[in-house]
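If you want the building blocks of each chain, they are given just below.
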Amino acid sequence: MDIRFLGGAREIGRSALVVDDRLLLDFGMDSGNPPSFPIADVDPEAVVVSHGHLDHVGSIPSLLSGEARPPVHWTPPTRDLTMLLARDTLKLHGGTYDCPFTEAELARLTQVSETHGYRESFEAAGYEITFFDAGHVPGSAHVLIDDGDTRLLYTGDFHTEDQRLLSGTTARPDADVVICESTYADTTREPRPEIERAFVDLLERTIWEGGTVVVPAFAIGRTQEVLCICERYDLECYVDGMGTRVAELLLREPNREFLRDSDLLRRAKGNARFVDGRDGQRERVAEQNTVIVTTSGMLHGGPAMTYVPAVRDHPANTIAMTGYQVEGTPGRDLLETGSAEIDGRMMRVSARVEQFDFSAHADSEGLRSFLESYRESTVLINHGDRCETFADELRSGGYDASAPELGERLEVG
Ligand SMILES: [Zn+2]
């Protein structure tokens, strides 16, 4: 088996790998400024997708330009999330360099889509492929690729700990070679229930003191996770932004079967009031003594651009960040300096600002416990800021581990 790394090697963003020049695994984009795409054009016989995050699926419609019509294999939630993200990319950036595909290419995606559940093997480009639940976002999969000789496991992004929305991964299929993500190889996190408790305490305290809480959250997974927490603790809340559409999409058949407890999300959606932003609705909601869950998670767009300025002046209000803030984002600046550029305007924030690590990735301990099952395998580390260091650490622990570089071609098995 021959593997080529076209993106996501010693970096996060634009994940893309090709096996034997025939089978493409993920085809993402890095939505930074400027955005970046996988480093080479490909003409695969088939495409297999791990999960519906932009950095894994953002460039997929561009594979359908010209005459090429490779089948695209994924789970039903991954298909729906990809379509949603692609429509959003077209709406925001269609016709510019930032959007690598056209409306026509996106329309073709439904024709080549083939959906599969977990643990149902199928054939693609001559390989036997099986998806296993990766516990990252709804529909996320570890991908096992078997050519009859070598078994390659591409972990995709994964989480080992339970979230309200999803159970952590328990699948450890036999594999000769494992390509493993390493996003949080450096982080040790408190157990999720403790993080959740601290988060709820802050929300309850703010409400008790008469304030408003703004919870910036990613649209996919995080918004719904926060809604489930609000339901569980009986917190009244509003929800705004793309996360509302994702909640609706996840509750459809057959997507709901990919949730840990679809009834919980259904109740959580019922508990939350949906905001569509018409007629100054956002400004009115921001004055209430309530919780507002909204995109974007790092404050570089979305309805948060209305809510943050509306609540920033009063110290009784709270902005509760729910995820990692990439350097250079307004969310990061706000945490570090108490000021941030919101919607083109630099502003000082007097409201309380706190961060809670609701990450959907395994931390250092989670990665190591996962890899415990692969002590005899070849381990290739990707999708991280310090892939080489993590591979070095694994090697000193007795693993056959390395961190391939961008563009590298590797013979395995
Ligand atoms: Zn992801």
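Above this text sits the structure in question.
Enquirer: Please give an account of the packing of helix H2 (residues 76–93) against helix H3 (residues 103–112) that cites residues and values.
Expert: At a minimum axis distance of 11 Å, the contact between H2 and H3 shows a crossing angle of 170°. Here H2 is positioned roughly antiparallel relative to H3, judged by the angle of their axes. Mapping the contact onto sequence places Thr-82, Met-83, Ala-86, Arg-87 and Leu-90 in H2 and Glu-103, Leu-106, Leu-109 and Thr-110 in H3. When grouped by side-chain class, the residues that make up the contact of H2 with H3 number five nonpolar, two polar and two charged.

Enquirer: I'd love a proper account of unusual backbone geometry, names of residues and values included.
Expert: For residues besides glycine, phi is generally negative; the peptide bonds are generally trans as well. In the segment running from Asn-33 into Pro-34, the intervening peptide bond is cis, with an omega of 0°. For Pro-34, the location among the structural elements is in the loop between strand E3 (23–27) and strand E4 (46–48). Residues Thr-295 and Ser-296 are joined by a peptide bond in cis, for which omega reads 0°. Phi at Ala-125 takes a positive value of approximately 50°, unusual for a residue other than glycine.

Enquirer: Provide a residue-level description of the pattern of salt bridges, including the pertinent values.
Expert: On inspection of all chains with the given rule, the structure shows 27 salt bridges. One salt bridge in this structure joins Glu-327 and Arg-332, with 3.8 Å as the shortest N-O distance. The exposed category is assigned to Glu-327, whose relative accessible area is 64%. Because the salt bridges share partners, they merge into one network encompassing Asp-186, Arg-368, Arg-386 and Glu-393.

Enquirer: Give me the packing of aromatic side chains: which residues, what numbers.
Expert: Per the counting criterion, the structure on display carries eight aromatic pairs. Their ring planes at 35° and their centres at 4.4 Å tell us that Phe-158 and Phe-370 sit as a pair that is tilted. With Phe-158 in the loop between strand E10 (151–154) and strand E11 (177–181) and Phe-370 in helix H11 (residues 364–371), this residue pair connects regions lying 212 residues apart in the sequence. When the ring of Phe-199 is compared with that of Phe-356, the centres are 5.3 Å apart and the planes differ by 75°; the resulting orientation is edge-to-face. Here Phe-199, found in helix H4 (residues 192–208), pairs with Phe-356, found in the loop between strand E19 (352–355) and H11; they are 157 residues apart in sequence, far enough to count as distant. Under the relative-accessibility criterion, Phe-199 is labelled buried at 0%. An aromatic cluster is present here, built from Phe-158, Phe-370 and Tyr-374 joined pairwise through their rings. A cation over a ring is seen here: Arg-189 above Tyr-184, with NZ or CZ 5.1 Å from the ring centre. The ring of Tyr-233 has Arg-232 sitting right over it, with the charged end atom 4.9 Å from the ring centre.

Enquirer: Residue-level account of the packing of H4 against helix H5 (residues 222–232), with values.
Expert: One way to put it is that H4 packs onto H5 with a least axis distance of 11 Å and a crossing angle of 70°. The angle between H4 and H5 falls in the class roughly perpendicular. Contact with H4, carried on its side by Arg-192, Glu-196, Phe-199 and Val-200, involves Glu-225, Val-226 and Ile-229 of H5 and no other residues of that element. When grouped by side-chain class, the residues that make up the contact of H4 with H5 number four nonpolar, no polar and three charged.

Enquirer: With reference to specific residues and values, describe the sheet that holds strand E7 (residues 122–124).
Expert: In a beta sheet, neighbouring strands are held together by backbone hydrogen bonds and run either parallel or antiparallel to one another. Read across the open sheet, the seven strands follow the order E7-E8-E9-E10-E11-E20-E21; overall the sheet is mixed. In the strand order of this sheet, the two ends are held by E7 and strand E21 (400–402), each with one partner. When the angles between neighbouring strand axes are averaged without regard to direction, this sheet yields 25°. Pairing between strand E20 (residues 378–382) and E21: three bridges, direction parallel. Within E21, the position partnered with Thr-378 by the bridge is Asp-400.

Enquirer: Outline the environment of Val-200, listing residues and values.
Expert: Tracing the sequence through the fold places Val-200 in helix H4. Put simply, Val-200 and Leu-235 are 35 residues apart on the chain and 8.8 Å apart in space, counted from C-alpha to C-alpha. Every residue in contact with Val-200, bar those within four places of it in the chain, is listed here: Ile-229, Tyr-233 and Leu-235.

Enquirer: Please provide a residue-by-residue account of the environment of Pro-35, values included.
Expert: Here Pro-35 is to be found in the loop between E3 and E4. For Pro-35, a relative accessible area of 6% gives the class buried. For the pair Pro-35 and Arg-14, spaced 21 residues apart in sequence, the C-alpha to C-alpha distance is 9.2 Å. In contact with Pro-35, not counting residues within four places along its chain, are Met-29, Asp-30, Tyr-97 and Asp-98.

Enquirer: Could you give me a rundown of the coordination of the zinc ion, with the residues and numbers involved?
Expert: Distances from the zinc ion to its protein donors, namely His-51 (NE2), His-53 (ND1), His-136 (NE2) and Asp-157 (OD), fall within the range 2.2 to 2.3 Å. Around the zinc ion sit four donor atoms, and with donor-metal-donor angles ranging over 89 to 167° the site reads as irregular. Donor residues for the zinc ion sit on one chain with the sequence pattern H-x1-H-x82-H-x20-D. Note that His-53 is positioned in the loop between E4 and helix H1 (54–57) and Asp-157 in the loop between E10 and E11, a separation of 104 residues in sequence.

Parameters and conventions
- Throughout this document, residue positions are counted from 1 along each chain, in the order its sequence is written.
- pLDDT decides what is reported in this predicted model: residues at 70 or higher carry local features, side-chain atom pairs at 80 or more are listed and counted, and totals for whole chains, interfaces and linings draw on all residues regardless.
- Working from all heavy atoms in the structure, the side-chain values ignore hydrogens and water.
- For helices, the axis comes from a line fit to the C-alpha atoms of the stretch in contact; other axes are also lines fit to C-alpha atoms, and the angle between any two N-to-C directions lies between 0 and 180 degrees.
- Every helix listed is a DSSP run of H or I at least four residues long, and every strand listed is a run of E at least two residues long, numbered separately from the N terminus.
- Under this scheme an angle from 65 to 115 degrees is roughly perpendicular, one under 35 degrees roughly parallel, and one over 145 degrees roughly antiparallel; angles in between are oblique.
- Contacts between residues were defined by any pair of non-hydrogen atoms, one from each residue, lying within 4.5 Å.
- Residues are grouped as follows: Ala, Val, Leu, Ile, Met, Phe, Trp, Tyr, Cys and Pro are nonpolar; Asp, Glu, Lys and Arg are charged; every other residue, Gly included, is polar.
- The salt bridge definition used is simple: a Lys or Arg side-chain nitrogen within 4 Å of an Asp or Glu carboxyl oxygen.
- Working definition: with a 1.4 Å probe on protein chains only, accessible area under 20% of the residue-type maximum means buried, over 50% means exposed, and in between means partly exposed.
- For Phe, Tyr and Trp, where Trp contributes only its six-membered ring, two rings pair if their centres lie within 6.5 Å, and the inter-plane angle classes them as stacked under 30 degrees, edge-to-face over 60, or tilted in between.
- Throughout this description, the term charge over a ring refers to an Arg CZ or Lys NZ atom that lies within 6 Å of the ring centre and within 35 degrees of the ring normal.
- Between any two strands, at least two bridges found by DSSP are needed for them to pair.
- Water is not among the atoms examined, so metal sites may look incomplete; donors are the N, O and S atoms within 2.8 Å of the metal, or within 3.2 Å for Na, K and Ca.
- Under this scheme a four-donor centre is tetrahedral when all angles range from 85 to 135 degrees, a four-donor centre is square planar and a six-donor centre octahedral when opposite donors are above 155 degrees with the rest from 65 to 115, and any other centre is irregular.

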